[in-house]
Amino acid sequence: MSDRAVAGGGRLAGEIRVPGDKSVSHRALILGALADGETAVEGLSSGADVASTRRCLEALGVEIAGAGPAVRVTGRGLGGLAAPKGDLDAGNSGTTMRLLAGVVAGHPFPARFTGDASLTRRPMRRIAEPLRAMGAAVTLSDGDTAPLSVAGGPLKGVEYAMKVASAQVKSCVLLAGLHAAGETTVAEPAQTRDHTERMLAGFGVSVRRAGLKVTVAGGSRLRAAKVIVPGDPSSAAFWAVAATLSPGSELAIRGVGANPTRTGYLNVLARMGADIHREPLRGDGGEPIEDLLISSSELRGTEISADEIPGLVDEVPVLALAAALARGSSRFRGLSELRHKESDRLAGIAALLNAFGAVARVEGDDLLVEGVAALAPGRADALDDHRLAMTAFVAAFLAGGESEIGGLESAAISYPSFYDDFRARTA
Ligand code: S3P
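A. A look at the packing of aromatic side chains. All told, the structure shown has 10 aromatic pairs when counted by the stated rule. An aromatic cluster is defined as three or more aromatic residues linked by ring pairs; in this entry it consists of Phe 238, Trp 239, Phe 393, Phe 397, Tyr 415, Phe 418, Tyr 419 and Phe 422.

In structure tokens form, the structure reads like this:
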């Protein structure tokens, strides 16, 4: 067997705890760096993306102690970062680049952000525009991509209406707003994940929300806090779909984030007939958590509206796989943003599903999936995209037989132990 070969078949049994939430982990390190005092983080994501944020913050003079899920961040105080000596390499991580660009914009030094082949293809005008309106000088590469340079300085607060529903853009502007004169308000076209707002409140910053508008006041100081990072719902989703669709499975996923801006995929799976019991746990106040108790069940097709997409944007690949094995057809509407993820995920999902004998096609910005009775082992390319890699692995598991998947190693971006954890719970 080559290292691309995946043997499928079996069912899932037992318990699993997924790595810490990637979005919450980035924010814990960043807010910790901007705070007064020492921030203790528990349950930090083990993924390469969060390591990129850590490396960039260290290059900005931030001390972060501890390896593994428990770290301590020595805050430098608002506006207290140091000029970096070289480029800030965000690797594969859009969150690292977009959030830190907002932070650096409020500091009186220039910084240049780079990234890997995927990240340097992704759209950056969406952050350049608001940061320029606030007074920062932002230079993009051809095609409005990274490498990008930010020359920060005194910023003024703005009221900014976002054109796309993006938590990264919202967070970029709010973080710049903390360093600006006066208030900064961001209006989102649809509710996106609100981890930045929740965590800012946990660090003692007053955040006002009115409908889809969020406001922060410039100069608000952050007080170091303890952050307990919940399990990542986007990682739990692979388990939820795999356990649902492999007959005879019984799986418990412990301590998963239950923030309603992230659990849209559970609503969709429930609508499709999944048997997932959600057991709320006591969280630490900032982010709710829950256990998910999953028994396998048959699914029926569904329609996913464009309004639902921001609440499950990272789960579309694995939900499309669920749709491929559901009775009847499913339509996912309004997926244009998926073209700008770690790969062109919209095209990637359709190609991946078809490689396993499913029937999927892109129609405009929609994805149409016709359910089939069973998948067949296939050869697929994950396009170096972690979510496509784990989706392909689950497809291979459900197909049985032996499949070949290129780009499996990209799972390390969010979930380095995924394949080992999966094998250990396959009966
Ligand atoms: C993220 C926001 C989303 C999501 C990404 C993480 C965040 O991106 O896809 O994985 O942590 O804010 P967009 O803001 O581009 O929608």
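There's plenty left to go through after this.
B. The sheet that holds strand 6 (residues 88–89), seen in detail. Sheet architecture is open: 4 strands sit in the order 6-7-9-8, paired in mixed fashion. Only two strands of the sheet have a single partner each, and these edge strands are strand 6 and strand 8 (137–141). Relative to strand 9 (residues 145–151), strand 7 (residues 110–114) is paired through 4 bridges, and the arrangement is antiparallel. Among the inter-strand pairings, Phe 113 is bridged to a residue of strand 9, identified as Leu 148. Against the sheet, helix 3 (residues 94–105) engages strand 6, strand 7 and strand 9, with an angle of about 175° to strand 7. The sheet strands contacting helix 4 (residues 125–133) are strand 8 and strand 9, and the helix crosses strand 8 at an angle near 160°.

C. Local environment of the pairing of strand 19 (residues 289–295). Here strand 19 lies mainly inside the structure; 6 of its 7 residues are buried. Where strand 17 (residues 250–257) meets strand 19, 6 bridges bridge the pair, whose relative direction is antiparallel. In the strand pairing of strand 19, Ala 252 is matched with Leu 293. The sheet contact formed by strand 18 (residues 275–281) and strand 19 spans 7 bridges and is antiparallel. Bridging across to strand 19, Pro 280 finds its partner in Glu 290.

D. Local environment of helix 1 (residues 22–34). With 13 residues, helix 1 extends 19 Å from end C-alpha to end C-alpha; this agrees with the ideal 18 Å at 1.5 Å per step. Of all the 13 residues making up helix 1, 13 are buried; the element is thus mostly covered by neighbouring parts of the structure. Looking at where helix 1 begins, the residue whose side-chain oxygen comes 2.9 Å from the main-chain nitrogen of Ser 23 is Asp 21.

E. Geometry of the environment of Glu 402. Tracing the chain through its elements places Glu 402 in strand 25 (residues 402–406). For the pair Glu 402 and Ala 376, spaced 26 residues apart in sequence, the C-alpha to C-alpha distance is 9.2 Å.

F. Quick peek at the state of the cysteines. For the structure shown, the criterion picks out 0 disulfides. Not engaged in a disulfide, the cysteine Cys 172 finds its nearest cysteine sulfur in Cys 56; these two sulfurs lie 14 Å apart. Given a relative accessible area of 0%, Cys 172 falls into the buried group.

G. Main features of the packing of helix 5 (residues 167–178) against helix 6 (residues 195–202). Closest axis-to-axis distance for the helix 5/helix 6 pair is 9 Å, and the angle between their directions is 30°. Put simply, helix 5 runs roughly parallel to helix 6. Residues Lys 170, Ser 171, Leu 174 and Leu 178 of helix 5 touch helix 6, and the partners they reach there are Thr 196, Glu 197 and Leu 200.

H. Geometry of the site of the ligand. Taken together, Lys 22, Ser 23, Arg 27, Thr 95, Ala 165, Ser 166, Ala 167, Gln 168, Arg 193, Val 313, Asp 314 and Lys 341 make up all the residues around the ligand. In this structure, Ser 23 approaches the ligand through a side-chain N or O atom, which is 2.7 Å from an oxygen atom. Relative to its free-state accessible area of 380 Å², the ligand is covered by the protein chains to the extent of 95%. Put simply, the parts of the chain that give the shell around the ligand at least two residues each are helix 1 and helix 5. Residue contributions to the shell around the ligand peak at 3 residues, all from helix 1. Of the residues belonging to the shell around the ligand, the class tally is 3 nonpolar, 4 polar and 5 charged. Inspection of the shell around the ligand shows a minimum of three residues originating in each of domain 1 (3–19 + 230–424) and domain 2 (22–228).

Conventions adopted
- Residues numbered from 1 in each chain as written.
- Predicted model: local features only at pLDDT ≥ 70, side-chain atom pairs only at ≥ 80, totals over all residues.
- Heavy atoms only, no water.
- Phe/Tyr/Trp six-rings, centres within 6.5 Å; stacked < 30°, edge-to-face > 60°.
- Pairing = 2+ DSSP bridges.
- Helix = DSSP H or I, 4+ residues; strand = E, 2+ residues; numbered from the N terminus.
- Contact = heavy atoms within 4.5 Å.
- Axes fitted to C-alpha atoms, helices over the stretch in contact; angles between N-to-C directions.
- Buried < 20%, exposed > 50% of the residue type's maximum accessible area, 1.4 Å probe, protein only.
- Expected span 1.5 Å × (residues − 1).
- Polar contact = N/O pair within 3.5 Å; in protein donor to acceptor, adjacent residues only side chain to side chain.
- Disulfide = S-S within 2.5 Å.
- Parallel < 35°, antiparallel > 145°, perpendicular 65-115°, else oblique.
- Near = heavy atom within 4 Å.
- Areas by Shrake-Rupley, 256 points an atom, 1.4 Å probe, with all protein chains shown as cover.
- Nonpolar A, V, L, I, M, F, W, Y, C, P; charged D, E, K, R; others polar.
- Domains from an automatic or database assignment.

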